[in-house]
Each structure stands twice: as C-alpha cells, then as structure tokens.
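Examining the three-dimensional arrangement
Here's the letter readout for the chains.
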Amino acid sequence: DAGVTQSPTHLIKTRGQQVTLRCSPISGHKSVSWYQQVLGQGPQFIFQYYEKEERGRGNFPDRFSARQFPNYSSELNVNALLLGDSALYLCASSLERAGAYEQYFGPGTRLTVT
Amino acid sequence: GESVGLHLPTLSVQEGDNSIINCAYSNSASDYFIWYKQESGKGPQFIIDIRSNMDKRQGQRVTVLLNKTVKHLSLQIAATQPGDSAVYFCAEKDTGGFKTIFGAGTRLFVKA
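What counts and how
- Residues numbered from 1 in each chain as written.
- Chains lettered and ligands numbered in written order.
- Predicted model: local features only at pLDDT ≥ 70, side-chain atom pairs only at ≥ 80, totals over all residues.
- Heavy atoms only, no water.
- Contact = heavy atoms within 4.5 Å.
- Buried area = accessible area lost by both parts, 1.4 Å probe.
- Salt bridge = Lys/Arg side-chain N within 4 Å of Asp/Glu carboxyl O.
- Core = buried A, V, L, I, M, F, W, Y, C linked by side-chain atoms within 4.5 Å.
- Buried < 20%, exposed > 50% of the residue type's maximum accessible area, 1.4 Å probe, protein only.
- Helix = DSSP H or I, 4+ residues; strand = E, 2+ residues; numbered from the N terminus.
- Pairing = 2+ DSSP bridges.
- Phe/Tyr/Trp six-rings, centres within 6.5 Å; stacked < 30°, edge-to-face > 60°.

Focus on the interface of chain B and chain A
- At the junction of the two partners, chain B supplies 18 residues and chain A supplies 21 residues.
- Counting each side, the surface lost to burial between chain B and chain A is near 1500 Å², with a carbon and sulfur contribution of 54%.
- Of all residues in chain B, B:Pro44, B:Phe98 and B:Phe102 bury the most surface against chain A, accounting for 33% of the area lost on that side.
- Where chain B packs against chain A, one counts 0 salt bridges.

This is the structure we're talking about:
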C-alpha cells in the first residue's frame, strides 16, 4: 500500500511569493494534519482537517491556509512568504476513529524562501 | 501551557547496549503520548504509544514508561543497532485530540 505522499519534494521561493503544497493521505484515511518543522526542532502543528472540515489550528498567522478535497487529499497554502517560513512541511494522515490516533507522516516538502 | 521537552539533545551508545531516551511533559491533563523516530530526509515514523491509564507498554525491542507523578516519559531501546541512529521525538496528543505536540528531539548515535 502507498503511504502518505507529498509534492513537490523541494521548492525554492522568493519573499512575498505564494506557495501551494500538496498531500495525498493513505487510502481510507479521512484525516490530514499539516506540520512545520524548522531545522533542529520538532514539528509544529499547523492544521488538522477531517471529512473536509477544519478541526484544529495551531499558532500560525492567517497567511497559512489549507483545504481538504472530497478524495481527502489536501493542500496547504502560504501567502506573502517570509524568510522564516523556510522549513520542512509535513503532512500526516490518520483514521481518526475513536481510540485510533496513530498518524502516518509523509516525507515532507522542503521549502526554502530566499 | 502545554509543552513537551527532552532532557538531552544527543545520546551516544555502543552497538548492542540498551538506550534510554527521556522526556518531560508539563500538561498533567495529557492522556496520550507517542514516540516517533525520524531519519534524515524522512518524516517521523511512529514507534510506540501509551495512554495515561498505563505505566508501561512494550513493543519489539522498545519499551515506553510513563510516570504521571513526575510527568516523565521514557523510551528504552534494547540491543541498540546502527539502524536505530536517528532523532527521536516524544509527543503528546492534546486533550482536544486535534493536534500532536512534539518536543525538540534527541539525536541518537550508535557506535559500532
């Protein structure tokens, strides 16, 4: 079975630009979460979507937005990029049924803002 | 507030020895804890989890211990192998169940 997939793998953008990152969850998983991982730190929660609705949001500015599609894939959008947005962006999927919290992470998208 | 932290940023062990990675958490209401392994260039990989109604849980070569009195979590890896070299994160699921809060991580080096 295919795991969580993310695209692109690497991306270089300039300050002020906008970026869209994509994630496909494991087949059957209805929940997708997005994390930002700055070099040398643990992942920081950005969003969780379940059944196409936002269930939770971390402490990130409104420049960060996301959506989930009917096939449960998801996009993360970041507007007005700052140098500090340079990070590894991770997507994780899970079943999110009662008692089943295990998340499966994709390989991430490495975003560099210059 | 909620936070999950680790005592040591790096740990170096001899191949075949046992490894112990420690973690402290601050939210006494946290009820679910997870250990992840992250290898270079990859996303975090689930290792083992434990709920707050348990003190110990064992997996294949790994054991997680939870001490709720002092809000401490540990991961024990038996007979550490070179393939265990990675960064290990402890994490907690917040009480709302929507997000996983990660600590900063411990880098494990296994010496041959």
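Focus on the nonpolar core
- Core analysis: the biggest nonpolar cluster contains 22 residues, and A:Trp34, A:Ile46, A:Leu76 and A:Tyr89 have the highest contact counts within it.
- Of all the secondary-structure elements, those providing two or more residues to this core are β3 (19–24), β4 (31–37), β5 (44–50), β7 (64–68), β8 (74–78), β9 (87–94) and β11 (109–113) of chain A.
- In terms of nonpolar packing, the next biggest core, distinct from the first, is built from 20 residues, B:Leu11, B:Ile21, B:Cys90 and B:Leu108 among them.

Some words on the pairing of β11(A)
Residue and element names in this part refer to chain A.
- Every second residue of β11 is oriented toward a common face, the buried set being Thr 109, Leu 111 and Val 113 and the non-buried set Arg 110 and Thr 112.
- With 4 bridges joining them, strand β2 (residues 10–13) and β11 adopt parallel strand pairing. Within β11, the residue paired with Lys 13 across the bridge is Val 113.

Regarding the packing of aromatic side chains
- Tallied over the full model, the rule gives 11 aromatic pairs over all chains.
- Ring centres of A:Phe60 and A:Phe64 lie 5.1 Å apart, and the angle between their planes is 65°; on these two criteria the pair is classed as edge-to-face.
- With relative accessibility at 15%, the residue A:Phe60 sits in the buried group.
- An angle of 85° between the planes, with centres 6.0 Å apart, marks the rings of B:Phe89 and B:Phe102 as edge-to-face. One end of the pair, B:Phe89, is in strand β9 (residues 86–93); the other, B:Phe102, is in strand β10 (residues 100–102), and 13 residues separate them in sequence. Grouping residues by exposure puts B:Phe89 and B:Phe102 together as buried.

What to know about the environment of B:Ala29
Residues and elements named next belong to chain B.
- Of note, Ala 29 is situated in the loop between β3 (19–25) and β4 (32–38).
- Given a relative accessible area of 43%, Ala 29 falls into the partly exposed group.
- Through-space distance from the C-alpha of Ala 29 to that of Leu 66 is 14 Å; in sequence the pair is 37 residues apart.

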